[in-house]
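The primary structure of each chain is shown beneath.
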Number of protein chains: 2
Amino acid sequence: MTASTLSTSVHIEDVLLLGPGPTNPTNRVMAALREPVLGHLDPDFLSLMDRCKTLLRKVFRTPNSLTFPVSGTGSSGMDLLLVNLVEGEDKIVIAVNGFFGGRLAQLSQLLGANTVRVEAPWGQPVDKDELLAAVDRHRPKLVCIVNGETSTGVYQDMSGIADAVHETGGLLLMDCVTSLATMPVEVGQWGVDVAFSCSQKGLGCPSGLSPVTIGRRALEFLDRRLTPVPSFYLNLAEVQKYIDGVDGSRLYHHTASSTLYYALLESLEEILEEGLEARWARHEKAARYLIKEVSALGLEPLVAEPDRLHALTTLIVPERLDEARIRSRLRSEHRIEVGAGLGDLAGKVWRIGLMGRNADRAVVDRFVEALRAVL
Amino acid sequence: MTASTLSTSVHIEDVLLLGPGPTNPTNRVMAALREPVLGHLDPDFLSLMDRCKTLLRKVFRTPNSLTFPVSGTGSSGMDLLLVNLVEGEDKIVIAVNGFFGGRLAQLSQLLGANTVRVEAPWGQPVDKDELLAAVDRHRPKLVCIVNGETSTGVYQDMSGIADAVHETGGLLLMDCVTSLATMPVEVGQWGVDVAFSCSQKGLGCPSGLSPVTIGRRALEFLDRRLTPVPSFYLNLAEVQKYIDGVDGSRLYHHTASSTLYYALLESLEEILEEGLEARWARHEKAARYLIKEVSALGLEPLVAEPDRLHALTTLIVPERLDEARIRSRLRSEHRIEVGAGLGDLAGKVWRIGLMGRNADRAVVDRFVEALRAVL
């Protein structure tokens, strides 16, 4: 039976998704979604999960064995890493130059940690010397950095940080929610101990999975933990019994969604067929083209040239324009979603995501034409 | 472009899912899955989310305003409720007559609570007098009961418990992961304060969402909480800013998966078209037919007549049979998944789920025929 013969209730009008994610999945990924559901302990599903883990290592550029998608949205990966690694009164240093750095700090505080924020203005990267000075002074257990700040469109250079963090005995955590598979992410080369991302941006899947990678040093920290992890769903030791198995057999922990894994595997295969470097170059090219085209409309990017997150461009909305009304008309009249500003930037910027299949010149043309019509 | 013209990597062989969930979604639900992805703040998506919340109230049989799907599998709903409601050294009473009661107790202990287990043998309900005596003695903040114990196939009668719990000032939590939309679940009438379920059993969706309902008394408990909730992803106050909004607008908390919501909405519409009572009767009829048919093969149910969870029947595997081998042959030769025993029942039972579309005489016939061939 095909969909068209069914009297279904859900009918969705196609929207061009140029916000901060989700992006539109490719046809291949959408096709994978409707493959038959399998059980979470089915041998075919477990093979498929293993393949996802292998390919995720390639995309994260890490040999970390413990690399897998957490069964929740990108934020669940953040929660899993912090809830397991942070214990009350630990010293945690967090680079905060936007909403998502702020959220890491908020969670760290909820967990009772002694949280030190190294701040930079929204739209700029965090100053590396300041960060390293804070590491030297506080000798934190964990240093958290947002590689691609989705609220501002800033890409944070990660080089030369891990050594300092490791020398003082700490771990380096990276949020690469918006940078993974859109810009260089080098977990191994950068010495990142733990990182998390999401399925619906650079990976071009529906949301619902949060790829994470966890290195050996982080696992040693976990072994030295004194108090229980205050979660079962996001309890890494429990999750591992399913994801990695115990003595060769996978123990039930939760019912992983085969459907979301199909989409993830299809996208990972597609990404590696294209090649990561080619994909990064395509995202850069699309972002540069967007910035060039909108400059003719009087719109300027918030972020200076060397620090731009190519997957997500923040455009400053001139005060004479009615930000919310234009965004709403793009959606209603042109079926295009763009992102509103978050936090300090609410009402002041649009966030234009060109991710996955949408990092494309023709997509930019459609957006600019619609924007011109609305303006 | 249709799927068949795409060179996709993911090709899944259809399996008849008769384990503890997931079950096979209907064609309508599978069709909904491939509707175009929408953003998590898109006006059309937010309307669809509101419709899901309305229909979930009907399925839970509750007027609770705060009724929504948590963005994770069924276990994430358990985590959300306990992580928010339990504070260190709270007194918690938990009815434990199987794996899932045990897991509630495990999480309660991870959260530092003073955890009292009221136990019954696996395969039997918990004795209500014992439970009420424990409530009277310990005056717990929270009493947790599994309505449908997925590890054993026991349905726990919930009547006459809430009043006693409320009289001593506590809250009543119900796990209805396997009973929702397969057997009577009456959150309102039973006086249940909070309950959680999953998408992939009675609701017949892929896994990935955990419907929860949270009553007014539970929210008052939350208001009186003294220590921070040790989570951001499952932090109810934060989730509510998105799910319910603040001053009429929805604030970003996480990127809800539109895809999984489409499946959920389609299934809820389908369930309410059938009618809950008709659905409960269909599940009962299918389970009775299964038990009758397998008795000819010398298989007996673990659970006595009045306590059976119709969605999931545990069959005792005679010692002469090679449990794992037969299960594996059903899967490889007949493309049928059945569930293995969990915990104390590992190797001793099969768990046969007849849920959603599979609560059907023809499905039972196919299973019994395959089982006969393998035996």
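Everything discussed here concerns the structure shown above.
Residues numbered from 1 in each chain as written. Chains lettered and ligands numbered in written order. Predicted model: local features only at pLDDT ≥ 70, side-chain atom pairs only at ≥ 80, totals over all residues. Heavy atoms only, no water.

Some details on the relation of the copies chain A and chain B
Superposition of chain A onto chain B requires a rotation of 180° combined with a translation of 0.0 Å along the rotation axis, giving an RMSD of 0.0 Å. The transformation relating the two chain copies, once decomposed into turn and shift, fits a two-fold axis. Distance from the rotation axis, computed per C-alpha, reaches its smallest value in chain A at Gly 72 of chain A: 2.4 Å. When you check the interface residues of chain A against chain B, 100% turn up at the interface there too, and the contact is symmetric in its surfaces. (Least-squares fit on C-alpha atoms with pLDDT ≥ 70 in both. Contact = heavy atoms within 4.5 Å.)

With respect to the pattern of salt bridges
Applying the stated criterion across every chain yields a total of 50 salt bridges over all chains. Where Glu 293 of chain A meets Lys 292 of chain A, a salt bridge forms, and the shortest distance between an N and an O atom there is 3.0 Å. A single network of salt bridges, built from pairs that share partners, joins Glu 13 and Arg 331 of chain A together with Asp 42 and Asp 44 of chain B. (Salt bridge = Lys/Arg side-chain N within 4 Å of Asp/Glu carboxyl O.)

So, the packing of aromatic side chains
Summed over the entire model, instances satisfying the criterion amount to 8 aromatic pairs over all chains. Between Phe 45 of chain B and Tyr 261 of chain B, the ring centres sit 5.1 Å apart and the planes meet at 80°, which makes this aromatic pair edge-to-face. Highlighted residues: Phe 45 of chain B in helix H2 (residues 43-60) and Tyr 261 of chain B in helix H9 (residues 258-274), separated in sequence by 216 residues. Accessibility classification places Phe 45 of chain B together with Tyr 261 of chain B in one group, the buried group. Three or more aromatic residues joined by ring pairs make a cluster, and in this case those are Phe 99 and Phe 100 of chain A together with Tyr 252 of chain B. Against the face of Phe 221 of chain A rests Arg 224 of chain A, its NZ or CZ located 5.0 Å from the ring centre. (Phe/Tyr/Trp six-rings, centres within 6.5 Å; stacked < 30°, edge-to-face > 60°. Helix = DSSP H or I, 4+ residues; strand = E, 2+ residues; numbered from the N terminus. Buried < 20%, exposed > 50% of the residue type's maximum accessible area, 1.4 Å probe, protein only. Lys NZ or Arg CZ within 6 Å of the ring centre and 35° of its normal.)

Quick notes on the interface of chain A and chain B
The interface of chain A with chain B comprises 78 residues on the first partner and 78 residues on the second. Of the roughly 6,200 Å² buried between chain A and chain B on both sides combined, carbon and sulfur atoms contribute 63%. For chain A, the biggest contributors to the area lost against chain B are Ile 12, Arg 34 and Phe 232 of chain A; these three give 11% of the whole. When the shortest N-O distance is used, the salt bridge between Asp 44 of chain B and Arg 331 of chain A registers 3.1 Å. At the junction of chain A and chain B, the tally comes to 32 residue pairs in polar contact (both at pLDDT 80 or more). Only helix H1 (27-33), helix H2 (43-60), helix H3 (74-85), helix H4 (99-110) and helix H10 (258-274) of chain A provide two or more residues apiece to the side of chain A that touches chain B. Of the residues contributing to the side of chain A that touches chain B, the split by class is 38 nonpolar, 26 polar and 14 charged. (Buried area = accessible area lost by both parts, 1.4 Å probe. Polar contact = N/O pair within 3.5 Å; in protein donor to acceptor, adjacent residues only side chain to side chain. Nonpolar A, V, L, I, M, F, W, Y, C, P; charged D, E, K, R; others polar.)

Here we look at the sheet that holds strand E14 (residues 349-353) of chain A
Residues and elements named next belong to chain A. Ordered in space as E1-E13-E14-E12-E11, the 5 strands form an open sheet in which the pairing is mixed. Bordering the open sheet on either side are strand E1 (16-18) and strand E11 (300-301), each of which pairs with just one other strand. Note that strand E12 (residues 312-316) and E14 share 5 bridges and pair antiparallel. Pairing of Leu 312 across the sheet is with Gly 353, part of E14. Against the sheet, helix H12 (residues 323-334) engages strand E13 (336-340) and E14, with an angle of about 155° to E13. (Pairing = 2+ DSSP bridges. Axes fitted to C-alpha atoms, helices over the stretch in contact; angles between N-to-C directions.)

A short note on the nonpolar core
Ranked by internal contacts, the top residues of the largest apolar core, which has 210 residues, are Ile 214 of chain A together with Ile 214 of chain B. In this structure, Ile 214 of chain B is in contact with Asn 64, Leu 66, Phe 68, Leu 80, Leu 81, Asp 193, Val 194, Leu 219 and Leu 236 of chain B, ignoring residues within four places of it in sequence. (Core = buried A, V, L, I, M, F, W, Y, C linked by side-chain atoms within 4.5 Å.)

As for the packing of helix H3 (residues 74-85) of chain B against helix H4 (residues 99-110) of chain B
Residue and element names in this part refer to chain B. At a minimum axis distance of 11 Å, the contact between H3 and H4 shows a crossing angle of 40°. Relative to H4, the element H3 is oriented oblique. Taken as a pair, H3 and H4 cross one another with a handedness that is right-handed. Along the contact surface, H3 presents Ser 75, Met 78, Asp 79 and Leu 82, while H4 presents Arg 103, Leu 104, Leu 107 and Ser 108. Within the contact of H3 with H4, the residues separate by chemical class into 4 nonpolar, 2 polar and 2 charged. (Parallel < 35°, antiparallel > 145°, perpendicular 65-115°, else oblique. Left-handed = near helix turned anticlockwise from the far one by under 90°.)

The values reported here are purely geometric and, on their own, carry no functional implication.
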